[in-house]
Amino acid sequence: MQAQDQITRQNFDDWMVPVFSPAEFILVRGEGSRVWDQQEKEYIDFAGGIAVNSLGHAHPVAINALTEQAKKLWHVSNVYTNEPVLRLAKNLVENTFADKVFFCNSGAEANEAALKLARKVGLKVGGEHKNHIVSFKNSFHGRTLFTVTAGGQPKYSQDFAPLPKGIEHIEYNDLEAAKAAITENTCAVIVEPIQGEGGVVPANLEFLKGLREYCTEKQVVLIFDEVQTGVGRTGSLYAYMNTGVVPDILTTAKALGGGFPIGAMLTTDHFANMYAVGDHGTTYGGNPLASAVANAVFEFVNTEEVLQGVQNSHKQFVEGLQKISQTASIFDEIRGQGLLIGAVLKPEFAGKAGELMKLASDYGVLVLVAGPNVIRFAPSLVISEDEINEGLLRFSKAVHHFIKA
Ligand SMILES: *Cc1c(COP(=O)(O)O)cnc(C)c1O
């Protein structure tokens, strides 16, 4: 306790590379969807570690998986395989379109594996010119040089030139523009079924169906980035399952480990077999500790009870937010699926999402932003009715303070 008491927020500025600007308080402990800071102030957690803490904090299922595996085997590298990773792979394969899985440690790495595979596929089926990648404006795919270039927010990539070549960004949900951009030289289309960081913007169904048809026709690999939408977030195991559209490659991370870092790329035998031994790799990917936790989280989430619970919680959130907006007249639109919800600020509050996020934490509730105009909610998938009610009550107080400010 003593060492912890000596740590202050100022220390962040003293010692940390300033790529983040964290809140002024330091969280020290959590249980369910409640967390506490150094001063014992309690917060309701609607942020969920950015759509990561799928079982909330300190869930017994995750703790048990972690501690049991911690006593057995943490890491062996991919020179050897291990039981937890094979169990997790079996679960992912049996419950999705995929036949094969590649494990890594983050969303960016999963997308890196997917985009590299698509380039390899392009080379094999179409030759060296089939290497163009089509992506979408405002998309987010991670922060490695390749994935940040694939992402459609130039502010994240422009300072790091020269960037990888052959990536084009077109308007999201514009099928005609996509068709015009996809040519014989295209190897991949990468798309989020709901743009998370870009403002919680759902793809429309016709757009995704059209992409699927056109990609098949042109022998283009269709990649769904489900890093944010996957593992129950939308009320289905994966968002593609709501669309009737099946991708060739799917990437998943965030909620997969429930807070323990892990990512995965899922694909069919056909595409998996275009990678050969040595083509790609990672030291930690699929390590027993991460895999054991992810497997427990995955099995817990992939039940009718939890997935139906996400849909019920969605209703509770949307109704609560609409009620807040009726009295405070603050939101233009509430959108999203399951427990990935975006509340769009009315034009008169444009640019102020960050301000409201900070006020919310003053009132004891943690929320996220998705760009300057959208408040985002991505809580635990098993958040309780009481926790949602209490959090919305606190959020409502913050909103009323905000509109008067
Ligand atoms: C968060 C996110 C990523 C990046 O994941 P990291 O684990 O931060 O590398 C990629 N794609 C989407 C859609 C995301 O939401």
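Residues numbered from 1 in each chain as written. Predicted model: local features only at pLDDT ≥ 70, side-chain atom pairs only at ≥ 80, totals over all residues. Heavy atoms only, no water.

- Looking at an unreviewed UniProt entry, one finds the chain named Acetylornithine aminotransferase and attributed to Acinetobacter nectaris CIP 110549.
- As its UniProt record puts it under Subunit (unreviewed entry), the chain is described as follows: "Homodimer." (UniProt positions renumbered as here; feature names shortened; annotations may be inferred.)

1. Let's talk about the pairing of strand β12 (residues 263-267)
Remember that side chains alternate between the two faces of the sheet whenever the strand is regular.
Okay, so step 1: Summarising burial for β12: 5 of the 5 residues are buried, a large majority.
Okay, so step 2: Here β12 shows a buried face lined by G263, M265 and T267 and a second buried face lined by A264 and L266.
Okay, so step 3: Strand direction decides the pairing type here: strand β4 (residues 100-104) and β12, joined by 5 bridges, are antiparallel. Of the residues in β12, the one forming a bridge with F103 is A264. (Buried < 20%, exposed > 50% of the residue type's maximum accessible area, 1.4 Å probe, protein only. Helix = DSSP H or I, 4+ residues; strand = E, 2+ residues; numbered from the N terminus. Pairing = 2+ DSSP bridges.)

2. Notes on the site of the ligand
Okay, so step 1: The full set of residues close to the ligand is S106, G107, A108, N111, F140, H141, G142, E192, D225, V227, Q228 and K254.
Okay, so step 2: Measuring from an oxygen atom of the ligand, one finds a backbone N or O atom of G107 at 2.8 Å.
Okay, so step 3: In this structure, F140 approaches the ligand through a main-chain N or O atom, which is 3.2 Å from a nitrogen atom.
Okay, so step 4: Examining the composition of the shell around the ligand, we find that 3 residues originate from one element, helix α6 (residues 107-126), more than from any other.
Okay, so step 5: Looking at the shell around the ligand residue by residue, the classes come out as 3 nonpolar, 6 polar and 3 charged. (Near = heavy atom within 4 Å. Polar contact = N/O pair within 3.5 Å; in protein donor to acceptor, adjacent residues only side chain to side chain. Nonpolar A, V, L, I, M, F, W, Y, C, P; charged D, E, K, R; others polar.)

3. Focus on the packing of aromatic side chains
Okay, so step 1: Per the counting criterion, the structure on display carries 12 aromatic pairs.
Okay, so step 2: Ring centres 4.5 Å apart and planes at 20 degrees place the aromatic pair F25 and Y43 in the stacked group. Within this pair, whereas F25 is found in the loop between α2 (10-15) and β1 (27-31), its partner Y43 is found in strand β3 (residues 42-45), the two being separated by 18 residues in sequence.
Okay, so step 3: For F25, a relative accessible area of 19% translates into the label buried.
Okay, so step 4: Of the residues examined, Y43 reaches a relative accessible area of 2% and is grouped as buried.
Okay, so step 5: Through a chain of ring-to-ring contacts, three or more aromatic side chains come together here, namely F46, F317, F331, F377 and F395.
Okay, so step 6: The ring of Y156 is capped by R143, whose NZ or CZ atom sits 4.0 Å from the centre of that ring. (Phe/Tyr/Trp six-rings, centres within 6.5 Å; stacked < 30°, edge-to-face > 60°. Lys NZ or Arg CZ within 6 Å of the ring centre and 35° of its normal.)

4. Describing the sheet that holds strand β5 (residues 132-136)
One key point about sheets: their strands pair by backbone hydrogen bonds, in either a parallel or an antiparallel sense.
Okay, so step 1: Within the open sheet, the 7 strands sit side by side as β4-β12-β11-β10-β7-β5-β6. Their pairing is mixed. Every interior strand has two partners, whereas the edge strands, β4 and β6 (167-170), have only one. Taking the axes of each pair of neighbouring strands and ignoring which way they run, one obtains an average angle of 20 degrees across the sheet.
Okay, so step 2: Bridge count for strand β7 (residues 186-191) against strand β10 (residues 221-225) is 4 bridges, and the pairing is parallel. Considered in β10, the bridge of I190 is made with I223.
Okay, so step 3: The strands touched by helix α5 (residues 83-95) within the sheet are β4 and β12, with β4 carrying the most contacts at an inclination of about 130 degrees. (Axes fitted to C-alpha atoms, helices over the stretch in contact; angles between N-to-C directions. Contact = heavy atoms within 4.5 Å.)

5. Observations concerning the nonpolar core
Soluble globular proteins: nonpolar side chains tend toward being buried together.
Okay, so step 1: Residues L211, F377 and F395 are the most contacted members of the largest nonpolar core, which totals 76 residues.
Okay, so step 2: The element contributing the most residues to this core is helix α12 (residues 304-328), with 7 residues.
Okay, so step 3: Of the domains in this structure, domain 1 (3-59 + 304-404) and domain 2 (73-301) are the two that each give at least three residues to this core.
Okay, so step 4: Setting aside residues up to four positions removed in sequence, F395 forms contacts with L321, I324, F331, L356, A360, V365, V367, I375 and F377. (Core = buried A, V, L, I, M, F, W, Y, C linked by side-chain atoms within 4.5 Å. Domains from an automatic or database assignment.)

6. Quick word on the pattern of salt bridges
Okay, so step 1: For the coordinates displayed, the defined rule picks out 17 salt bridges.
Okay, so step 2: Where R34 meets E42, a salt bridge forms, and the shortest distance between an N and an O atom there is 3.3 Å.
Okay, so step 3: Note on R34: relative accessible area 24%, which makes it partly exposed.
Okay, so step 4: E83 is the partner of R87 in a salt bridge, and the nearest nitrogen-oxygen pair spans 3.3 Å. Of the two residues, R87 and E83 are both situated in helix α5; the distance of 4 residues between them amounts to about one turn of the helix.
Okay, so step 5: The network of salt bridges with shared partners includes R34, E42, E390 and R394. (Salt bridge = Lys/Arg side-chain N within 4 Å of Asp/Glu carboxyl O.)

7. A short note on the UniProt feature "modified residue: N6-(pyridoxal phosphate)lysine" (unreviewed entry) in the chain
Okay, so step 1: When the UniProt feature table is mapped to this numbering, "modified residue: N6-(pyridoxal phosphate)lysine" (unreviewed entry) covers K254.
Okay, so step 2: As for its placement among the helices and strands, K254 is situated in the loop between β11 (249-252) and β12.
Okay, so step 3: Sequence-distant contacts of K254, defined by excluding residues within four places in its chain, comprise I50, A51, V52, E197, V227, Q228 and I262.

8. Some details on the pairing of strand β14 (residues 340-345)
Okay, so step 1: Of all 6 residues in β14, 6 are buried, a share of seventy percent or more.
Okay, so step 2: Judged by which residues are buried, β14 turns out to be covered on both faces: L340, G342 and V344 on one side and I341, A343 and L345 on the other are all buried.
Okay, so step 3: Both strand β13 (residues 331-337) and β14 contribute to a ladder of 6 bridges, which runs antiparallel. Residue I334 lies in a different strand from β14, and its bridge partner there is A343.
Okay, so step 4: Taken together, the 4 bridges between β14 and strand β17 (residues 374-377) define a ladder with antiparallel strand orientation. Residue pairing across strands places V344 opposite V374, the latter belonging to β17.

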